[in-house]
Amino acid sequence: MVLNSSGAHSALFDAELTVKVLGLIKKNQPQTWDIFLRTANKSDTETIFKTEKMFTLAEYHFGKNYRFVVAPLHPKHCIHPIYQWGQAFDLKIDPIPLFDMSISELKSAIKKLKFLRTIRSNKAPIILDASYGLQVEPYSNLDPDLIKERAKLVNSNEKFSQNVLTALRETAEEKAQFDSQVDLLAEETIYKKFTPQKDTALFPKWHAASWKDKLILLDKFEDERMVSFGKKIIYQESPETLPADMFKTIKRGIAERILSDEKEKWWTCKEFYFECDNLRDRYTNEKDEKKLKFLDEINEFVEGIQKKYEQA
């Protein structure tokens, strides 16, 4: 069967095409369809990793498929205490040396050996029969009976599973404490904190307003990040709308970031000039006049920005 895809990339057509593809899978590969539905909701997924002793967890990273043969931790202690996701042991690793480790040693081993696989139960993980993973390296190089024995040891060791969860809890709490002590920029918190519903409801009105009214409407936002973003948008698009002191504050903040001499999380003028000089040496040796001319143009542009903000 050939599907007509000439209208692809329109929302309605893509949705209809997806339904047709799924229909073909259900009709021609009913077993695959049933396997897919097993993890369609969180509770069913949790039932799987609390009851099954060993299975294959399939994951995709940068478009490449990976298969991991895993054994869930003890049924009473197999869910991350903070993030509430399932935890399974990668059976290519020998679990026995880990059983007698302290919590501190386990924290280090989790990071170094990467023996845990996370099962994101609310994201429809791909859980297959163990035989699928046993076909690929490194599992295909191991004795299947040895893998089954490792799974049994992990499933039945309640104390080990408890210690693993304690190590995961401490690591998550340390990370949270560290994050709270770091001064994050507003744009770095977009995915860490939701915007209040009241502020979200104001967005259409703010976007439709004149620049002068946009500035006035900023007082109605509860989230300081939205106020900060709003001021910067006005600064870029209608700087004359801002009061002089507000304009200077925003400009000074930008200057401090782009003119910094430290190694920052963003590109500074100093970093740009360093990289530009390296590329200039390279293209000079290659006698690439076109790229050298382009570098000169970019360099001139950055110099203009630097000059503008040096007096902030």
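Cut-offs applied
Residues numbered from 1 in each chain as written. Predicted model: local features only at pLDDT ≥ 70, side-chain atom pairs only at ≥ 80, totals over all residues. Heavy atoms only, no water. Salt bridge = Lys/Arg side-chain N within 4 Å of Asp/Glu carboxyl O. Helix = DSSP H or I, 4+ residues; strand = E, 2+ residues; numbered from the N terminus. Buried < 20%, exposed > 50% of the residue type's maximum accessible area, 1.4 Å probe, protein only. Disulfide = S-S within 2.5 Å. Core = buried A, V, L, I, M, F, W, Y, C linked by side-chain atoms within 4.5 Å. Contact = heavy atoms within 4.5 Å.

> Looking at this model, I keep getting lost on the pattern of salt bridges. Mind explaining?
Where side chains of opposite charge bring their charged atoms close, a pairing between them can arise. All chains considered together, the criterion is met by 13 salt bridges. Across the pair Glu59 and Arg117 runs a salt bridge whose closest N-O atoms are separated by 2.8 Å. One end of the pair, Glu59, is in strand β1 (residues 55-61); the other, Arg117, is in strand β4 (residues 116-119), with 58 residues separating them in the sequence. Here Glu59 matches Arg117 in class, with each residue buried. Here Glu170 makes a salt bridge to Lys107, at a shortest N to O gap of 3.2 Å.

> Would you take a moment to explain the state of the cysteines for this structure?
On inspection of all chains with the given rule, the structure shows zero disulfides. Free of any disulfide, Cys269 has its nearest cysteine sulfur in Cys276, 12 Å distant.

> How should I be thinking about the nonpolar core in this particular structure?
Most often, soluble globular proteins have nonpolar side chains that are buried together. By size, the foremost hydrophobic cluster in this structure holds 35 residues, and its most contacted members are Leu73, Phe89, Leu91, Phe115, Phe160 and Val164. Counting residues per element, this core draws most heavily on helix α7 (residues 158-181), which supplies five residues. Leaving out residues up to four positions away in the same chain, Phe160 has contacts with Leu73, Phe89, Leu98, Phe99, Leu106 and Phe115. Within the second largest apolar cluster, 16 residues are counted, among which are Ala209, Leu215, Val227 and Ile258.

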